[in-house]
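# Remarks on the overall topology
Listed below are the residues making up each chain.
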Amino acid sequence: MNSTSESAAPAGQPIIVRPIANLCTSGSCPTIYETGDDSVVVQGFVVSADQAGVALPSGEALVKIPAALLAEALRNLG
């Protein structure tokens, strides 16, 4: 994902996602979803740019997820 235009859907357009990794059974924990267009969507805990000490462009956010979740997602990606 090189730019916002490549990674973001047009405003109001639905994004179809399929869960590929999570570490719980309730569905209310950090999860990684496949989008079908060589991208993933990450559900996790929002980290502010100030907390992380980084500058973010408009429309982007930082999300904290367990490393084990990322490893599971990599195993499950096609």
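Anyway, here's the lowdown on the structure attached to this text. (Residues numbered from 1 in each chain as written. Predicted model: local features only at pLDDT ≥ 70, side-chain atom pairs only at ≥ 80, totals over all residues. Heavy atoms only, no water.)

Counted under the stated rule, the structure contains one disulfide. Note on cysteine connectivity: C24 is disulfide-linked to C29, with sulfurs 2.0 Å apart. On the sign convention where negative means left-handed, the S-S torsion of about -95 degrees between C24 and C29 marks this disulfide as left-handed. (Disulfide = S-S within 2.5 Å.)

Further remarks concern the environment of L70. Of note, L70 is situated in helix 3 (residues 67–76). Separated by 28 residues in sequence, L70 and V42 have C-alpha atoms that sit 9.6 Å apart. Setting aside anything within four residues of it in sequence, one finds L70 in contact with I32 and I65. (Helix = DSSP H or I, 4+ residues; strand = E, 2+ residues; numbered from the N terminus. Contact = heavy atoms within 4.5 Å.)

Take the sheet that holds strand 2 (residues 31–34) next. Read from one edge of the open sheet, three strands run 1-2-3, paired in antiparallel fashion. Since the sheet does not close on itself, it has two edges, and those belong to strand 1 (18–22) and strand 3 (40–43), each with one partner. Sheet twist, expressed as the average angle between the axes of neighbouring strands with direction ignored, equals 25 degrees. Bridge count for strand 1 against strand 2 is four bridges, and the pairing is antiparallel. Directly across from R18, in strand 2, lies its bridge partner E34. (Pairing = 2+ DSSP bridges. Axes fitted to C-alpha atoms, helices over the stretch in contact; angles between N-to-C directions.)

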